[in-house]
Amino acid sequence: MYIEGLTVFVVFFDFCVSTRLPLEVFQRYPSEHHHHNHKNHLNNGNYHRKKLQEHSAIKILYQVGNSEEDLPECNARSVCNKVDLYDSPWVERQCQCTGGKSCPMDLSTDDGHTFVEKTRQYKVCESIKKLPKCRYFRDTTWSITLYQNNVTDQVIHCHCPKNALTYLNKRNVLHMHAGELAFQYLFSCSPQTRLRCQRKEPCRLFTVRKRQEFLDEVNVNTLCQCPRAHRCPHHHTDYGVISVKSFSEDIIKTYSGYCLPS
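Along each chain, residues carry numbers from 1 onward, in the same order as the chain's sequence is written. Restriction of local features to residues with pLDDT of at least 70 applies here, the model being predicted, together with a cutoff of 80 or more for giving and counting side-chain atom pairs; totals for whole chains, interfaces and linings are based on all residues. Think of the side-chain values as coming from all heavy atoms in the structure, minus any hydrogens and water.

Caption draft 1: View of the overall build of the protein. Per the convention used, a helix needs a DSSP run of H or I reaching at least four residues, while a strand needs a run of E reaching at least two, with both numbered from the N terminus. From N to C terminus, the protein includes 2 helices and 16 strands. Partly exposed describes any residue whose relative accessible area lies between the buried limit of under 20% and the exposed limit of over 50%, with all areas from a 1.4 Å probe on protein chains only and scaled to the type maximum. Out of the 262 residues belonging to the protein, those deemed buried represent 49%. Throughout, a contact is declared for two residues whenever any of their heavy atoms are within 4.5 Å. Within the protein, residue pairs in contact and separated by at least 24 positions form 65% of the contacts whose partners lie at least 6 positions apart. Accessibility throughout is a Shrake-Rupley quantity obtained with a 1.4 Å probe, and a residue counts as covered only by protein chains that appear here. Surface summary for the protein: the accessible area is close to 14,100 Å², and the carbon and sulfur share equals 50%.

Here is the structure:
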């Protein structure tokens, strides 16, 4: 047992929770996987494209700094833009494309550069049309590496089979140069389950981080299927949702949604 490394991880984990630990790593349960060029997501994209037109000045955030010059260069298949469609659309710039490439900013899902997962779009600099298909449980569909300077690098490796689920499969501590550490989170695919919710069991989990005033970053995980004639809340402010836990002085909160009669 590597006790020293474990101690460092716990200390660094607490530090990251209060700064820039990506919400995806709080994902305790499988969630609907991203797909590219999927018809259902195209329909969602059309809805949000119309919604975007109603907000002419879409909010743009930067994962580090306050301008393009502060962003790191993208690695191969790094996510360069993260588009959030949970409420009013906003974009978080992750990195700068190299070699004269540009990172897509619009809400199109059929541009060959976009992965969709729930209410997010992940944009990459390269074409993803020839990306290999992941094997269940074995392959890493994407990885998120968090460096000590608070820079995160999310890299797409393969795409899950249709209707698959993604889950946090493994955590690694990486020893970098000059004695620095980085923390890597690996996500894999699993088949979709159709488990029915039991009595008093939550059907959906919301992890919410306050980014700016009136701007929340939300990760949504569906836990089970509601019984017939019932529905599961879709938003953390909906009726049937209660707060269950807070992290790091209320910077991150979790909510549970429960099945309601339709």
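Continuing now.
Caption draft 2: Quick look at the packing of aromatic side chains. Centres within 6.5 Å are what make two rings of Phe, Tyr or Trp a pair, Trp counting through its six-membered ring; a difference in plane orientation under 30 degrees is then read as stacked, over 60 as edge-to-face, and the rest as tilted. Inspection of the entire model under this criterion finds 4 aromatic pairs. Judged by centre distance (5.6 Å) and plane angle (75°), the ring pair of Tyr 122 and Trp 142 falls under edge-to-face. Of the two residues, Tyr 122 is situated in strand 6 (residues 120-124) and Trp 142 in strand 7 (residues 142-147); the sequence distance between them amounts to 20 residues. Both residues of the pair, Tyr 122 and Trp 142, belong to the buried class. Centre to centre, the rings of Phe 137 and Tyr 167 are 6.4 Å apart; their planes meet at 55°, and the pair counts as tilted. Taken as a pair, Phe 137 in the loop between strand 6 and strand 7 and Tyr 167 in strand 9 (residues 165-175) lie far apart in primary sequence, 30 residues in all. A relative accessible area of 48% places Phe 137 in the partly exposed class. Overall, the relative accessible area of 16% leaves Tyr 167 in the buried class.

Caption draft 3: Up close: the sheet that holds strand 2 (residues 59-62). At least two bridges found by DSSP between two strands are what make those strands a pair. One open sheet accounts for 5 strands, arranged 2-4-3-6-5; its pairing is mixed. Looking at which strands have only one partner, the edges of the open sheet turn out to be strand 2 and strand 5 (114-117). Looking at each pair of strands side by side, their axes are set apart by 20° on average, direction ignored. Note: strand 3 (residues 79-84) against strand 6, 5 bridges, orientation antiparallel. Paired with Asn 81 across the two strands is Lys 123, which belongs to strand 6. Orientation is described by axes fitted as lines to C-alpha atoms, over the contacting stretch for helices, and by angles from 0 to 180 degrees between their N-to-C directions.

Caption draft 4: Summary view of the pairing of strand 5. The two faces of strand 5 match: Thr 114 and Val 116 on one face and Phe 115 and Glu 117 on the other face are all buried. By the bridge criterion, 4 bridges tie strand 5 to strand 6 in an arrangement that is antiparallel. Looking at the pairing, Val 116 lines up with Gln 121 of strand 6.

Caption draft 5: Up close: the nonpolar core. Ranked by size, the top nonpolar core spans 14 residues in total, and within it Phe 115, Trp 142, Ile 156 and Phe 187 carry the most contacts. Looking at this core, the elements with two or more residues in it are strand 6, strand 7 and strand 10 (181-190). By residue number, the principal contributor to this core is strand 10, which donates 4 residues. Throughout this description, the term nonpolar core refers to a set of buried Ala, Val, Leu, Ile, Met, Phe, Trp, Tyr and Cys residues connected via side-chain atoms within 4.5 Å. Of all hydrophobic cores here, the second largest spans 7 residues; its members include Tyr 86, Phe 206, Val 220 and Val 241.

Caption draft 6: Layout of the side chain of Glu 126. Looking at the element boundaries, Glu 126 is found in the loop between strand 6 and strand 7. Buried charge Glu 126 goes without a salt bridge, the closest partner of opposite sign being Lys 101 at 4.4 Å. For Glu 126, the side chain forms a polar contact with the main-chain nitrogen of Arg 77, separated by 3.0 Å. Excluding its chain neighbours within four sequence positions, the residues that come into contact with Glu 126 are Asn 75, Ala 76, Arg 77, Lys 101, Gly 112 and His 113. For the purpose of charge, His is not counted, nor are the chain termini; Lys and Arg are scored as positive and Asp and Glu as negative. One side-chain nitrogen of Lys or Arg within 4 Å of one carboxyl oxygen of Asp or Glu is enough to make a salt bridge. Pairing of N or O atoms within 3.5 Å defines a polar contact, subject to two protein rules: one partner must be a possible hydrogen donor and the other a possible acceptor, and residues neighboring in sequence count only if both atoms are side-chain atoms.

Caption draft 7: Region of interest: the pattern of salt bridges. In this structure the tally under the stated criterion is 9 salt bridges. Notably, a salt bridge pairs Asp 139 with Arg 135, separated by 2.8 Å at the nearest N-O pair. In this structure, Glu 217 engages Arg 209 in a salt bridge whose closest nitrogen and oxygen atoms are separated by 3.5 Å. Like Glu 217, the residue Arg 209 is buried in the burial classification. Because the salt bridges share partners, they merge into one network encompassing Glu 92, Arg 209, Arg 211 and Glu 217.

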